[in-house]
Amino acid sequence: MKIYDRQSALELVDNDEDLLSILVDSFLNENKFERPVLEKLISGGKMTEAASYVHATKGAARQLCMEKLKTSGQELEDVLRGKTSGDIPKLIDQMFADYEEALSALNG
């Protein structure tokens, strides 16, 4: 599973290099995904808000063809929304590992 498939992401935006650059810049600088924020929502019982927080990053990952992050985000979101069961701390660890890997790939 790819960390970041630049070619596929470029194809999604009709080979518009400028638009892809804007999306990457937005992911790196505007879409902050912070573990303490997520953990505070979960510990406060705000599962819907936590799921929405995860969803935003997962959606950005989908736009940029970051399969690992998209997948781990979907798994965590599904558990937070009560669609499936799972080990939330383990899923959080996986999503943040994938997020860090994605950041590294984008920063090249």
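Notes on the structure follow. (Residues numbered from 1 in each chain as written. Predicted model: local features only at pLDDT ≥ 70, side-chain atom pairs only at ≥ 80, totals over all residues. Heavy atoms only, no water.)

## Notes on the packing of helix α3 (residues 35-43) against helix α6 (residues 88-107)
Alright, step 1. With their axes 12 Å apart at the nearest point, α3 and α6 run at an angle of 160° to one another. Regarding the angle of α3 to α6, the classification is roughly antiparallel. Here α3 and α6 pass one another in a crossing that is right-handed. Contacts between α3 and α6 involve Arg35, Leu38, Glu39 and Ile42 from the first element and Ile88, Pro89, Ile92, Asp93 and Phe96 from the second.
Alright, step 2. In terms of residue class, the contact of α3 with α6 is made up of 6 nonpolar, no polar and 3 charged. (Axes fitted to C-alpha atoms, helices over the stretch in contact; angles between N-to-C directions. Helix = DSSP H or I, 4+ residues; strand = E, 2+ residues; numbered from the N terminus. Parallel < 35°, antiparallel > 145°, perpendicular 65-115°, else oblique. Left-handed = near helix turned anticlockwise from the far one by under 90°. Contact = heavy atoms within 4.5 Å. Nonpolar A, V, L, I, M, F, W, Y, C, P; charged D, E, K, R; others polar.)

## Looking at the packing of aromatic side chains
Alright, step 1. In total, this model carries 5 aromatic pairs according to the counting rule given.
Alright, step 2. A centroid spacing of 6.4 Å and a plane angle of 80° characterise the contact between phenylalanine 96 and tyrosine 99, whose relative ring orientation is edge-to-face. Residue phenylalanine 96 and its partner tyrosine 99 are located together in helix α6, separated by 3 residues, close to a single helical turn. Each member of the pair phenylalanine 96 and tyrosine 99 is classed as buried.
Alright, step 3. An aromatic cluster of at least three residues, connected via ring pairs, comprises Phe27, Phe33, Tyr53, Phe96 and Tyr99. (Phe/Tyr/Trp six-rings, centres within 6.5 Å; stacked < 30°, edge-to-face > 60°. Buried < 20%, exposed > 50% of the residue type's maximum accessible area, 1.4 Å probe, protein only.)

## Focus: the nonpolar core
Alright, step 1. Membership of the largest hydrophobic core comes to 34 residues, with the highest contact counts inside it found for Phe27, Leu38, Met66 and Leu76.
Alright, step 2. Tallying contributions element by element places α6 first for this core, with 9 residues.
Alright, step 3. Setting aside chain neighbours within four positions, we find leucine 38 in contact with Phe33, Ala50, Tyr53, Val54, Leu76, Ile92 and Phe96. (Core = buried A, V, L, I, M, F, W, Y, C linked by side-chain atoms within 4.5 Å.)

## Regarding helix α2 (residues 17-29)
Alright, step 1. Its 13 residues give α2 an end-to-end C-alpha distance of 18 Å, which sits within 8% of 18 Å, the value for a rise of 1.5 Å per residue.
Alright, step 2. Within the sequence span of α2, burial applies to Leu20, Val24, Phe27 and Leu28. All buried residues of α2 lie within an arc of 95° about the axis, which places them on one face of the element. When the buried face of α2 is taken as reference, the exposed residues oriented beyond 90 degrees from it are Asp18 and Ile22.
Alright, step 3. On its buried face, α2 is in contact with α1 (6-12), α4 (47-63), α5 (67-80) and α6.
Alright, step 4. Between the side-chain oxygen at the start of α2 and the backbone nitrogen of aspartate 18 there is a gap of 3.1 Å, and the oxygen is on aspartate 16. (Expected span 1.5 Å × (residues − 1). Arc of directions from axis to C-beta. Polar contact = N/O pair within 3.5 Å; in protein donor to acceptor, adjacent residues only side chain to side chain.)

## Comments concerning the environment of glutamate 17
Alright, step 1. Summarising the element assignment, glutamate 17 is placed in helix α2.
Alright, step 2. Sequence separation between glutamate 17 and leucine 76 is 59 residues, and the spatial gap between their C-alpha atoms is 31 Å.
Alright, step 3. Residue contacts for glutamate 17: discarding those within four places in its chain leaves Arg6 and Leu10.

## Quick notes on the side chain of aspartate 98
Alright, step 1. Along the polypeptide, aspartate 98 turns up in helix α6.
Alright, step 2. For aspartate 98, which is buried and forms no salt bridge, the nearest opposite charge comes from lysine 68, at a distance of 4.1 Å.
Alright, step 3. When near neighbours in sequence (up to four residues on either side) are disregarded, aspartate 98 contacts Lys68, Leu69 and Ser72. (Lys, Arg positive; Asp, Glu negative; His and termini not counted. Salt bridge = Lys/Arg side-chain N within 4 Å of Asp/Glu carboxyl O.)

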